[in-house]
Amino acid sequence: MKWFKKLAVVTLAAAFTLSAVTSAGAASKLSGKVVINGSSALLPLTLQAANEFKKLHPKVKISASAAGSVTGPQAVRKGIADIGACDWDASTDVPGFKKFTGQVANKVAVIPFAAVVNSNVKVDNLTTKQLQDIFSGKVTNWKDVGGSDAEIVVVNRSFGSGTRVNFQLKALKGSDFMSKGSNYKEVKSSGDMKTAVESTPNAIGYMDLAYVTSKMTALKIDGVAPTEANVINKKYDVWSYGYYMTSEKPSDATKEFIKYVQSAKFQNGSLKKLKFIPISAMK
Amino acid sequence: MLNPSTAGQPAAAGELGSSLKSRSGKPFDRKSRLFFTNRLFRYICIGCAAFVCLILLAILGLMFRTGILTFRDVSLSEFFFSAEWVPENEQYGALSFIFGTLALTLLTLAISVPISIFVAVFLAVMTPGWLKNLLRPVMDLLVGIPSVVYGYLGLTILIPLIRDLTGSSMGDGLLAASLVLTVMVLPTISRISDDAISAVPKRYVDASYALGGTRFQTIFKVMLPAAKSGIMYAVILGMARAIGETMAVVMVIGNTPQLADSLLKPTSVLTSNIVMQIPNVPFDSTWNYALYMMGFLLLVISLLMIVAVRLFQRKGGRV
């Protein structure tokens, strides 16, 4: 049987080299490693792009993982990652986070956000002022904003969340959140936010539009409904770009990967399927 | 270690015994090989033990070294006695978390210990053998259920129930968390107490009955006091589990950094605050150091508990 085993090994080895040669020959000579870390909101997009990119450039190794938004630019600064995905432009100051100098922000997607309420709440429209009052704890009863007589349960993301930064900047125009109270709680992810708003009567919260389900109501803000169409025609302004932060001199593979994510093919194909809005739609 | 002089039994001590006792003159004869492998094995064992100790010391050292940096910007009294935890305004008062952890643990024990002891007495004294053999594995299985399952059930079943029963609008808080933890530590405490009560010498029980004691008197005046140290050991193990529990607590406590002055007010504990904030914290910031300090506190509390467990174990041996 020994000759048989040897033969099997040789055939396998030959098959591997052959396939490696043919696939590499068909695609580009671009090689290298791209490490991506940061925002979990952008991870589905990154993973999809990485899969497609690997087919075009088989010699490029891409490893993507996610923690919190701020992890992205931090990992880039420490040299752990080539790309730091972040829900805000980390080269500028935002509430709570100083800017990261020496980093370049690359827009990769448009992310719309929505204020949502539990389905038992009869309110479906709030003004920016009313939103500010509710999230800062000044208004505590739904009857003060046109609903029934019930206490408002405010669900917030914990400090440092990218969704929280964007919602504060865009929907609340920078005004402060409340931080305590007996009808106030914080959750640690978009998934937890979804569960909390769905299951708590009289709750209000906010999340990426992609997370909104039929078991809750997405609020109109100043009379404008949070839909993709309204984001694109600029009536609904609670949205932000998702960013890939890089150092000032990224590697060729990194540059090429970002170019691929920003390409019309990816933006109008897979990116749309993942419920993001192409950046070209906003120009 | 193998002792050459007694290694061979007299009957089987032929060639083998003599080659162990005397050298044959070759450079690597049996005696020196045995000596070498025995020594090597011993050093590997010592090395492994030292490695474990090293890991513990390294963790303690890292947590302490990073955590202590908190006090460059935050005073000791602010960290331990202020309840204002607002990282965006550079306020790092951890009192509400420390208080939350202690209150949650005490509340959990207050509910779970009496129930556990009754369960243990039932298991050890009143159950017929076949039921005992059925119930003990069930309890052991309960210990093994992952905490996230308990947390999820708490979130989806317990909290709406509390909301309906108390009329509060949220339901998150110390009450929900301590009920979830009670279910989690109950099997641990009752199984170990059960073992302790079962180990009470039968002559104590017989003596009590012989003096005319009722079953109730025998259990409460003789068996429980005799098993006291074992039960304490069980309680401390349960307490350690309650203090370190994270996933189940984070889902039902509400995660709001405020002192809990009511059982139904959303609050936060050391573990839940760390797991909520660590993914979003900038690396070299006081905020990060403060979270490390909180981790160090947890570590110290659980180490103290392990020391206490050891002490009770030693005492228990004398009964």
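One numbering rule holds for all chains: residues counted from 1, following each sequence as written. Chain A is the first chain written and ligand 1 is the first ligand written, with later ones labelled in order. Totals for whole chains, interfaces and linings use every residue, but because this is a predicted model, local features are given only for residues with pLDDT of at least 70 and side-chain atom pairs only at 80 or more, for both listing and counting. The basis for every side-chain value is the complete set of non-hydrogen atoms in the structure, without hydrogens or water.

The name given to chain B in an unreviewed UniProt entry is Phosphate transport system permease protein, and the organism recorded there is Paenibacillus sambharensis. In its Subcellular location (unreviewed entry) section, the UniProt record describing chain B reads: "Cell membrane". UniProt positions are given in the numbering used here, feature names are shortened, and annotations may be inferred rather than shown by experiment. In its Function (unreviewed entry) section, the UniProt entry covering chain B states "Part of the binding-protein-dependent transport system for phosphate; probably responsible for the translocation of the substrate across the membrane."

As recorded by an unreviewed UniProt entry, chain A carries the name Phosphate-binding protein and is attributed to Paenibacillus sambharensis. What the UniProt record of chain A gives under Subunit (unreviewed entry) is the line "The complex is composed of two ATP-binding proteins (PstB), two transmembrane proteins (PstC and PstA) and a solute-binding protein (PstS)." Regarding chain A, the UniProt comment filed under Subcellular location (unreviewed entry) reads as follows: "Cell membrane".

A word on the overall build of chain B. Numbering goes from the N terminus for both helices and strands, where a helix is a DSSP run of H or I of at least four residues and a strand is a run of E of at least two. Of regular secondary structure, chain B possesses 15 helices and two strands. Whereas a compact globule of 319 residues would reach a radius of gyration of roughly 20 Å, chain B reaches 27 Å, over 25% beyond that. Along the three orthogonal principal directions, the C-alpha set of chain B runs to about 85 × 65 × 35 Å. We call a residue buried when its accessible area falls under 20% of the maximum for its residue type, exposed when it is over 50%, and partly exposed in between, using a 1.4 Å probe and counting protein chains only. Counting every position in chain B, which comprises 319 residues, the buried fraction comes to 41%. Taking as baseline every contact in chain B between residues at least 6 positions apart, the subset at least 24 positions apart corresponds to 68%. Side chains of chain B carry 25 positive and 16 negative charges; the gap between the two charge centres is 21 Å. What the globule rule says is 2.2 Å times the number of residues to the power 0.38, and the radius of gyration is computed from C-alpha atoms. Working rule for contacts: check all heavy atoms of both residues, and any pair within 4.5 Å makes them a contact. The charge count includes Lys and Arg as positive and Asp and Glu as negative, but it does not include His or the ends of the chains. Here the site of a charge means atom NZ of a Lys, CZ of an Arg, CG of an Asp or CD of a Glu.

The next thing to look at is the interface of chain A and chain B. Contacts between chain A and chain B engage 29 residues on the former and 27 residues on the latter. Accessible-area loss on putting two parts together, using a 1.4 Å probe and summing over both, is the definition of buried area adopted here. With both sides pooled, the region where chain A packs onto chain B buries about 2300 Å², and carbon together with sulfur makes up 55% of that total. The term salt bridge refers to a side-chain nitrogen of Lys or Arg lying within 4 Å of a carboxyl oxygen of Asp or Glu. Counting every contact that joins chain A to chain B gives two salt bridges. Where aspartate 172 of chain B meets lysine 185 of chain A, a salt bridge forms, and the shortest distance between an N and an O atom there is 2.7 Å. Two N or O atoms count as a polar contact when they lie within 3.5 Å, although within protein this holds only if one can serve as hydrogen donor and the other as acceptor, and sequence-adjacent residues are included solely when both atoms are side-chain atoms. Our enumeration of links across chain A and chain B arrives at nine residue pairs in polar contact (both at pLDDT 80 or more). Listed by contribution, the elements that provide at least two residues to the side of chain A that touches chain B are helix H3 (71-78), strand S7 (184-187) and helix H6 (190-199) of chain A. Residue type decides the class: Asp, Glu, Lys and Arg count as charged, Ala, Val, Leu, Ile, Met, Phe, Trp, Tyr, Cys and Pro as nonpolar, and the leftover types, Gly among them, as polar. In the side of chain A that touches chain B, the residues fall into eight nonpolar, 14 polar and seven charged.

What follows covers unusual backbone geometry. Glycine aside, negative phi is the norm for most residues, and most peptide bonds take the trans geometry. All names here are of chain A. Residues other than glycine seldom take positive phi values, yet asparagine 202 does so here, at roughly 65°. One can find asparagine 202 in the loop between H6 and strand S8 (203-208). For asparagine 202, a relative accessible area of 14% gives the class buried. A positive phi angle is found at lysine 234, which is not glycine, with a value near 65°. By the secondary structure assignment, lysine 234 is in the loop between helix H7 (228-232) and strand S11 (239-247). The class for lysine 234 is exposed, based on a relative accessible area of 54%.

Residues and elements named next belong to chain A. Considering the arrangement of structural elements, one finds isoleucine 258 in helix H8 (residues 252-262). The spacing of isoleucine 258 and tyrosine 244 is 14 residues in sequence and 7.8 Å in space, taken between C-alpha atoms. The residues touching isoleucine 258, leaving out its near neighbours within four places in the chain, are Ile83, Asn106, Tyr244 and Thr246.

Take a nonpolar patch on the surface next. A cluster of nonpolar side chains, Phe51, Leu54, Ile55 and Ile59 of chain B, forms an exposed patch at the surface whose accessible area comes to about 390 Å². Counting through the fold element by element, leucine 54 of chain B comes out in helix H3 (residues 30-68). Surface patches are defined over residues having more than 30% relative accessible area and no salt bridge, joining like charges when they lie within 9 Å and nonpolar side chains (Val, Leu, Ile, Met, Phe, Trp, Tyr) when within 5 Å. Using a 1.4 Å probe, accessible areas were evaluated by the Shrake-Rupley method; residue-level cover was limited to the displayed protein chains.

What follows concerns the domain arrangement of chain A. Accessible area lost during the coming together of the parts is what is often quoted as the interface size. Residues and elements named next belong to chain A. Source of the domain bounds: an automatic or database domain assignment. Looking at the assigned domains, one finds that chain A contains domain 1 (2-110 + 241-281) and domain 2 (112-232). Relative placement of domain 1 and domain 2: their C-alpha centres are 33 Å apart. Domain 1 puts twelve residues into the contact, and the matching count from domain 2 is 15 residues. Between domain 1 and domain 2, a total of about 1200 Å² is buried, with carbon and sulfur atoms accounting for 68% of that surface. The largest per-residue losses of area from domain 1 upon contact with domain 2 belong to Pro95, Lys275 and Ile277, which jointly make up 40% of the total buried on that side.

Here the focus is the nonpolar core. Among buried residues, the Ala, Val, Leu, Ile, Met, Phe, Trp, Tyr and Cys ones that are joined through side-chain atoms within 4.5 Å form a nonpolar core. Counting 106 residues, the largest nonpolar core has Trp142, Ile204 and Phe257 of chain A as the members making the most contacts within it. At ten residues, helix H15 (residues 286-316) of chain B tops the list of elements feeding residues into this core. Composition of this core by domain shows at least three residues from each of domain 1 (2-110 + 241-281) and domain 2 (112-232) of chain A. With sequence-adjacent residues up to four places away left out, tryptophan 142 of chain A is seen in contact with Val117, Val121, Val123, Ile134, Gly147, Ser148, Ala150, Glu151, Ile152, Asn202, Ala203 and Ile204 of chain A. Listed in part, the 43 residues of the second largest apolar core include Ile159, Leu181, Ile231 and Ala260 of chain B.

What follows concerns the packing of helix H6 (residues 95-126) of chain B against helix H7 (residues 129-143) of chain B. Each pair of packed helices can be described by the angle between their axes along with the distance between the axes. Residues and elements named next belong to chain B. Direction vectors running N to C along H6 and H7 enclose 140°, while the axes themselves pass 9 Å from each other. Every residue of H7 that contacts H6 at Val119, Phe122, Leu123 and Ala124 is listed here: Leu131, Lys132, Leu135, Arg136 and Met139. A class-by-class count of the residues in the contact of H6 with H7 yields seven nonpolar, no polar and two charged. Geometry is summarised by axes, namely lines fitted to C-alpha atoms with helices restricted to the contacting stretch, and by angles between N-to-C directions that run from 0 to 180 degrees.

Moving on to the UniProt feature "domain: ABC transmembrane type-1" (unreviewed entry) in chain B. Under the UniProt annotation, the feature "domain: ABC transmembrane type-1" (unreviewed entry) is placed at residues 98-309 of chain B. Overall, residues 98-309 of chain B shows 78% helix and 0% strand. The separation of its end C-alpha atoms is 22 Å.

Here the focus is the pattern of salt bridges. This structure, assessed with the given rule, holds 13 salt bridges over all chains. Among the ionic pairs, lysine 173 of chain A bridges to aspartate 237 of chain A, the shortest N-O distance being 3.3 Å. Remark: aspartate 237 of chain A occurs in the loop between H7 and S11 and lysine 173 of chain A occurs in the loop between helix H5 (162-170) and S7; sequence separation between them is 64 residues. A relative accessible area of 48% places lysine 173 of chain A in the partly exposed class. Judged by its relative accessible area of 41%, aspartate 237 of chain A is partly exposed. In the salt-bridge network here, residues are joined through shared partners; they are Arg136, Asp140, Arg191, Asp194 and Asp195 of chain B.

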